[in-house]
Amino acid sequence: MLKKIAVSCDEYGHLVDVLLEALRVHGFDPVYFGPGEGEEAHDWPVVTQQAVACLREGTAEEAIVMCWTGTGCAIAANKTPGIRAALCQDAETAKGARIWNHANVLALSLRATSEPVLKEILEAWFTTPYSEDEWNVTQIRRVDAMDSDKALKP
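Residues numbered from 1 in each chain as written. Predicted model: local features only at pLDDT ≥ 70, side-chain atom pairs only at ≥ 80, totals over all residues. Heavy atoms only, no water.

1. Concerning helix 2 (residues 44-57)
In step 1: Spanning 14 residues, helix 2 covers 20 Å between terminal C-alpha atoms, matching the ideal 20 Å at 1.5 Å per step.
In step 2: Within the span of helix 2, buried status applies to V47, T48, A51, V52, C54 and L55. Along helix 2, the residues classed as buried sweep out an arc of 145° about the axis, all on the same side. When the buried face of helix 2 is taken as reference, the exposed residues oriented beyond 90 degrees from it are R56 and E57.
In step 3: Residues of helix 2 that are buried sit in contact with strand 1 (3-9), strand 2 (28-33), strand 3 (62-67), helix 3 (71-78) and strand 5 (105-109).
In step 4: Residue G58 follows helix 2 closely and has a positive phi angle near 85°. (Helix = DSSP H or I, 4+ residues; strand = E, 2+ residues; numbered from the N terminus. Expected span 1.5 Å × (residues − 1). Buried < 20%, exposed > 50% of the residue type's maximum accessible area, 1.4 Å probe, protein only. Arc of directions from axis to C-beta. Contact = heavy atoms within 4.5 Å.)

Dropping the structure here:
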């Protein structure tokens, strides 16, 4: 059984198709929220929240959200408790987001992400595990505590 991954994009473009195919190659069954070819753009907060809801509800194991700059969808995703979305423009940023931030949502820019860079980002994202060292885990606990307004004291 393929792992589910939720994907959202506010406007259709070639990168959507490239991403969905790359995800299939990585062994995922993508669930897409957003317009298809020839359809009008959708509101980025709406499609982002649809994708993130799948992750929160457990119907998807990963989520990738996209908009023109990637900033809006990252902001919208991070409004959901338990979500740590990272806007990644390159593979090193994706790797760091997984290691140090335990990012569980990848945000991408439609404008700035080329096909080769997308493939590098996905490779880094899917092959990089979360860091489990004590210091880093403490930092993640501090971030998670912010969701409940019970931030840990330094």
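Now that the structure has been shown, we can carry on.
2. A few points about the environment of V18
In step 1: Looking at the element boundaries, V18 is found in helix 1 (residues 14-25).
In step 2: Overall, V18 belongs to the buried group, its relative accessible area being 10%.
In step 3: Residues V18 and L118, spaced 100 residues apart in sequence, show a C-alpha to C-alpha distance of 8.6 Å.

3. Here's the deal with the pattern of salt bridges
In step 1: Under the counting rule described, the total for this entry stands at 4 salt bridges.
In step 2: Note that E21 and R24 form a salt bridge whose closest N and O atoms lie 3.9 Å from each other. Taken together, the residues E21 and R24, both in helix 1 and 3 residues apart, mark about one turn of the helix.
In step 3: Taking the relative accessible area as the measure of exposure, E21 reaches 44% and is therefore partly exposed. (Salt bridge = Lys/Arg side-chain N within 4 Å of Asp/Glu carboxyl O.)

4. Quick look at the packing of helix 1 against helix 5 (residues 115-127)
Helix packing for two helices is described by the angle between their axes and how far apart those axes are.
In step 1: Direction vectors running N to C along helix 1 and helix 5 enclose 35°, while the axes themselves pass 11 Å from each other. Regarding helix 1 and helix 5, the two cross each other, and that crossing is right-handed. Residues H14, L15, V18, L19, A22 and L23 of helix 1 lie in contact with helix 5, whose contacting residues are E115, L118, K119, L122 and F126.
In step 2: Per-class residue counts for the contact of helix 1 with helix 5 are 8 nonpolar, 1 polar and 2 charged. (Axes fitted to C-alpha atoms, helices over the stretch in contact; angles between N-to-C directions. Left-handed = near helix turned anticlockwise from the far one by under 90°. Nonpolar A, V, L, I, M, F, W, Y, C, P; charged D, E, K, R; others polar.)

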